[in-house]
Amino acid sequence: MNKRPDNLACQDNLEAYFDSLHLRSPKAKNKKPPSFGRQLVGFFLTFIMAFALVFLIRSFALQHNTVVGSSMLPTLEQRDGIFVEKISKHLSGGLKRGDIVTVDMRGRTDSEEEKYIIKRVVGLPLEHVILSGGNVFIDGIMLNEPYLPEGVLTEIRDVRFANVILAADEYYLMGDNRSVSHDSRSMGPFALRDVEGRMIFRFYPFDRIGTP
């Protein structure tokens, strides 16, 4: 009589042992695929979670904007695409002089075309800003503005805002194209709550990608 090889007998014994302990997982061929209804529910849950994640990111962390107008020439041009982060403005000292920021204008203007503007931070909270002789003075010291083209003068638009002391939550904002920019010189300082976020990167056009 032929005897089963020892290794096959051992395998049979091990299978019987694990079967007795109910440790063996069911074979794949016995698993039933999820029903169409469950697949549909899973798809909608995934879609809703992805939508919620994008909404949270755009609302509280990062968004993209398109530059409209010429007030930031030559730094930014019409239709430049930029990324704006919304976190640093909530941190102590998060906004610094020279930062480019987007501002919510809906509380300041009735214009449908100018709901948001983009400007540069020139004066910081509690500073004394004076415009005189085509220059900007911060706490009595003339401000060096290397981002401006040579020879550009900062004209006074409204004498009420040519000599101001900023409150603890106020910023003095101006466009780089000083001759056309509508900014703090005519509207006064902007509160921190008006600032949407800080520009971190230009992604369009592709030949000028980077940080201005």
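First, a word on what this report is: a plain description of the structure on this page. (Residues numbered from 1 in each chain as written. Predicted model: local features only at pLDDT ≥ 70, side-chain atom pairs only at ≥ 80, totals over all residues. Heavy atoms only, no water.)

1. Things to note about the sheet that holds strand β5 (residues 128–132)
Rules: Should DSSP find at least two bridges between two strands, the strands are taken to pair. In DSSP terms, a helix is any run of H or I states spanning at least four residues, a strand is any run of E spanning at least two, and both are numbered starting from the N terminus.
Read across the sheet, four strands follow the order β7-β6-β5-β8 without closing on themselves; strand pairing throughout is antiparallel. Strands with a single pairing partner mark the edges of an open sheet, and in this sheet they are β7 (141–142) and β8 (163–165). In the sheet, β5 pairs with strand β6 (residues 135–138) via four bridges, with the strands oriented antiparallel. Paired with S132 across the two strands is N135, which belongs to β6.

2. A word on unusual backbone geometry
Test applied: Exposed residues in this analysis have more than 50% of their type's maximum accessible area, buried residues have under 20%, and partly exposed residues fall in between, with area computed by a 1.4 Å probe over protein chains only.
For the bond from L73 to P74, the omega torsion is 0 degrees, close enough to zero to count as cis. Here P74 is to be found in the loop between β1 (62–66) and β2 (81–85). Cis peptide bonds are those with omega within 30 degrees of zero, and the linkage from Y204 to P205 qualifies with 5 degrees. Among the structural elements, P205 can be located in the segment after β11 (195–204). Look at L126: it is not a glycine, yet its phi comes out positive at around 75 degrees. As for its placement among the helices and strands, L126 is situated in the loop between β4 (116–123) and β5. Among the residues examined, L126 registers a relative accessible area of 62% and is labelled exposed. Its identity as a non-glycine residue notwithstanding, D139 has a phi of 50 degrees, on the positive side.

3. Focus: the environment of I87
Structurally, I87 is set in the loop between β2 and β3 (100–104). Separated by 111 residues in sequence, I87 and R198 have C-alpha atoms that sit 8.5 Å apart.

4. A look at the sheet that holds β11
If you trace the seven strands from one edge of the open sheet to the other, you get β1-β2-β11-β3-β4-β9-β10, paired in antiparallel fashion. The open sheet has two edge strands, β1 and β10 (190–191), and neither has a second partner.

5. As for the side chain of R178
Inclusion rule: What makes two residues a contact is simply this: any of their non-hydrogen atoms within 4.5 Å.
Structurally, the position occupied by R178 is in the loop between β9 (170–174) and α3 (184–187). According to the relative accessible area criterion, R178 is buried, its value standing at 1%. R178 has contacts with V122, V136, E145, Y147, L148, V152, L153, T154, R157 and R185, leaving out every residue within four places of it along the chain.

6. What to know about the pairing of β9
Among the five residues of β9, four are classified as buried, and the element is accordingly described as predominantly covered. Where β4 lies against β9, three bridges are found, and the strand directions are antiparallel. Across the sheet, V121 pairs through a bridge with L173, a residue of β9. Both β9 and β10 contribute to a ladder of two bridges, which runs antiparallel. Note on β10: the bridge partner recorded for E170 is A191.

7. Some remarks on the environment of G140
Looking at where G140 falls in the secondary structure, it is placed in the loop between β6 and β7. On the accessibility criterion, G140 (60% relative accessible area) is exposed. Between the C-alpha atoms of G140 and V129, which are 11 residues apart in sequence, the distance is 8.1 Å.

8. A few points about the pattern of salt bridges
How we decide: Criterion for a salt bridge: a side-chain nitrogen of Lys or Arg within 4 Å of a carboxyl oxygen of Asp or Glu.
Counted under the stated rule, the structure contains 10 salt bridges. R198 serves as the salt-bridge partner of E85, at 2.9 Å between the closest nitrogen and oxygen. Pair noted here: E85 is in strand β2 and R198 is in strand β11, with a separation of 113 residues, a long-range link. E85 sits in the buried class, given a relative accessible area of 10%. Of the charged contacts, one joins D183 and R185 as a salt bridge, the two residues approaching to 2.9 Å between their closest N and O atoms. R185 matches D183 in its accessibility class, with the two residues each being buried.

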